[in-house]
Amino acid sequence: MGNRVPREDYEWVYTDQPHADRRKDILAKYPEIKTLMGPDPRLKWIVCMMVLIQFLAFYLVKDLDWKWVLFWTYAFGSCINHSMTLAIHEISHNTAFGNSRAMWNRWFAMFANLPIGLPYSASFKRYHLDHHRYLGGDGVDVDIPTEFEGWFFCTRFRKFVWIILQPLFYAIRPLCINPKPITRLEVANVAVQLSFNVALYWLCGAKPVVYMMAGSLLGMGLHPISGHFIAEHYMFLKGHETYSYYGSLNLLTFNVGYHNEHHDFPSIPGRRLPLVKKIASEYYDDLPQYTSWVKVLYDFIMDDRLSPYSRVKRRLKGDVKLENN
């Protein structure tokens, strides 16, 4: 299924990431954008509603036939759980309670983590802020695939398998690229999540647990929403390392598709990113953008020029200050 991808290395660059300079230019021209920064008061209520919806779903699937459990797992549970991971992405930027209540955000992220089944929130925050600060940084940005991924997943069929296994590689990659000491918050995240999983099994049986865990794995694998993993930073066009998507799936994903805008202004909640694009439209309208995450997945698999190696990478200079909390 396809020839071997000719690319045998990342796209190494010797320039800084573009987002800091663009942020500086935009703020100089449109200082009112600063008023968009700060917490989103709606976020915590939306997250609570989504968690309660999944709790109701756990109760409803416990007596279904297995075929219907699996159907609703992919058709509904996977969408909600992937959306919950992106809610945790929002909370990692302290957009639920603000920077002055950082620990409230951390504990709330653990609450949002409950219907996902896999302890995820505490570790994600530590690595994600490094991704923003050192985009493409060699040995730091764990969003970049490993050498093995780039070397092995180099045909259409192997890329298809790689897409399915995305959750596995996102879990293992930090241990290979940038391992960090385990923190108390990560231990707490694991303890809270495992306690919840055991309680769910004890109260409702195996079917809700399968619905929960499989929904997370399927939703972050071969799924329309998971197209954002590829769309955000894979180099479909030489010279561009971040891409935005302005389609309807942003309604389910806290506007994560506004990815150039997000990297330019990571402290602005997703709900307000369309306002950034509207105010500073001349900075974004001519940048490459997508209209379909499904097409992104299809093009990535079928285009023999693209592979996990299709990422911009840079060697970092000076002091590197990693996120450790």
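Everything here concerns the structure above.
What you see is a predicted model; the values in this text were computed from it and never measured.

K.L.:
Now, about unusual backbone geometry: what can you tell me, with residues and values included?
P.N.:
Unusually for a residue other than glycine, N94 sits at a positive phi of about 60 degrees. For N94, the location among the structural elements is in the loop between α3 (66–92) and α4 (102–113). Under the relative-accessibility criterion, N94 is labelled buried at 13%. Notably, N255 is not glycine yet its phi reads approximately 60 degrees, a positive angle. In this fold, N255 is placed in the loop between β2 (244–245) and α12 (259–264).

K.L.:
Tell me about the environment of S248, and name the residues and values.
P.N.:
Position of S248 relative to the elements: it lies in the loop between β2 and α12. Through-space distance from the C-alpha of S248 to that of T291 is 8.8 Å; in sequence the pair is 43 residues apart.

K.L.:
Which residues make up helix α9 (residues 184–204), and what are the values?
P.N.:
For α9, which comprises 21 residues, the first-to-last C-alpha distance of 30 Å matches the rise-based estimate of 30 Å (1.5 Å per residue) to within 8%. Residues of α9 that are buried: L185, E186, A188, N189, Q193, F196, N197 and L200. All buried residues of α9 lie within an arc of 160 degrees about the axis, which places them on one face of the element. Away from its buried face by more than 90 degrees, α9 exposes R184, V187, V198, Y201 and W202. Against the buried residues of α9 lie α2 (43–61), α4, α5 (121–133) and α10 (206–219). Taken from the residues just after α9, G205 is the one with a positive phi, measuring 90 degrees.

K.L.:
Outline the pattern of salt bridges, listing residues and values.
P.N.:
The full count for this structure, using the stated rule, is 17 salt bridges. Salt-bridge contacts for R22 lead to D264; the nearest nitrogen and oxygen are separated by 2.7 Å. Taken as a pair, R22 in helix α1 (residues 19–29) and D264 in helix α12 lie far apart in primary sequence, 242 residues in all. Here E241 ties to R314 by a salt bridge, and the two come within 2.8 Å at their closest N and O atoms. A residue pair is termed long-range when its members are at least 10 positions apart, and E241 in the loop between α11 (227–233) and β2 and R314 in the segment after β4 (312–313) qualify at 73 residues. Judged by its relative accessible area of 11%, E241 falls in the buried class. A residue is classified by how much of its surface remains accessible, and R314, at 6% relative accessible area, is buried. When salt bridges with common partners are traced through the structure, they connect R7, E11 and K238 into a single cluster.

K.L.:
Explain the side chain of T155 to me, and be specific about the residues and the numbers.
P.N.:
The residue T155 is located in the loop between α6 (147–152) and α7 (156–164) in this model. Only 3.2 Å separates the side chain of T155 from the backbone nitrogen of R158, close enough to count as a polar contact.

K.L.:
Hey, could you go over the environment of W293 for me, with residue numbers and the actual values?
P.N.:
Looking at the secondary structure, you find W293 in helix α15 (residues 293–302). Expressed as a C-alpha distance, the spacing of W293 and G136, which sit 157 residues apart in the sequence, is 22 Å. In this structure, W293 is in contact with P224, I225, G227, H228, A231, Y245, L249, T253, V256 and G257, ignoring residues within four places of it in sequence.

K.L.:
Account for the nonpolar core, naming residues and giving values.
P.N.:
In this structure, V47, M84, I91, W162, I163, I230 and F300 are the most contacted members of the largest nonpolar core, which totals 38 residues. Every element with two or more residues in this core is listed here: α2, α3, α4, α7, α11 and α15. Per element, the largest residue contribution to this core is 6 residues, and it comes from α3. Core analysis: the next-biggest nonpolar cluster, separate from the first, contains 13 residues, L27, Y258, L273 and L287 among them.

Cut-off values and rules
- Residues numbered from 1 in each chain as written.
- Predicted model: local features only at pLDDT ≥ 70, side-chain atom pairs only at ≥ 80, totals over all residues.
- Heavy atoms only, no water.
- Helix = DSSP H or I, 4+ residues; strand = E, 2+ residues; numbered from the N terminus.
- Buried < 20%, exposed > 50% of the residue type's maximum accessible area, 1.4 Å probe, protein only.
- Expected span 1.5 Å × (residues − 1).
- Arc of directions from axis to C-beta.
- Contact = heavy atoms within 4.5 Å.
- Salt bridge = Lys/Arg side-chain N within 4 Å of Asp/Glu carboxyl O.
- Polar contact = N/O pair within 3.5 Å; in protein donor to acceptor, adjacent residues only side chain to side chain.
- Core = buried A, V, L, I, M, F, W, Y, C linked by side-chain atoms within 4.5 Å.

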